[in-house]
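Next come the chains, spelled out residue by residue.
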Amino acid sequence: MGFRHLTVQCQCGAAYERREVRIPIRDIGSFDCTDCGARIEIWSGKMVPLFVRVKTPEDTRRRA
Ligand SMILES: [Zn+2]
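A short tour of the structure in this document, coming up. Just so it is clear, the model here is predicted, and its values are computed rather than measured.

The rules behind the values
Residues numbered from 1 in each chain as written. Predicted model: local features only at pLDDT ≥ 70, side-chain atom pairs only at ≥ 80, totals over all residues. Heavy atoms only, no water. Pairing = 2+ DSSP bridges. Helix = DSSP H or I, 4+ residues; strand = E, 2+ residues; numbered from the N terminus. Axes fitted to C-alpha atoms, helices over the stretch in contact; angles between N-to-C directions.

**Here we look at the sheet that holds strand β1 (residues 6-9)**
Pairing in this open sheet of 3 strands is antiparallel, and the strands run β1-β2-β3 from one edge to the other. The open sheet terminates on both sides in strands that have one partner only, identified here as β1 and β3 (39-55). Across the sheet, the mean angle separating the axes of adjacent strands is 45° when strand polarity is ignored. Pairing of strand β2 (residues 15-32) with β3 involves 14 bridges; the strand directions are antiparallel. Following the sheet pairing, Phe31 is matched in β3 by Glu41.

Dropping the structure here:
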């Protein structure tokens, strides 16, 4: 039991915390990076990912 928290890093340097939620009906959707527009994930089913941005490309550049 418990949520899996994953961090997904985009090619542009933005990072997203990814969690999954179960919804009552099937859903088809996709998530694109809010900074560069790259496709992060496509899903189809009752487990739908939610993405919360935890790092911007600027954050990544500062740390590097
Ligand atoms: Zn990006």
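Once you've had a look at it, read on.
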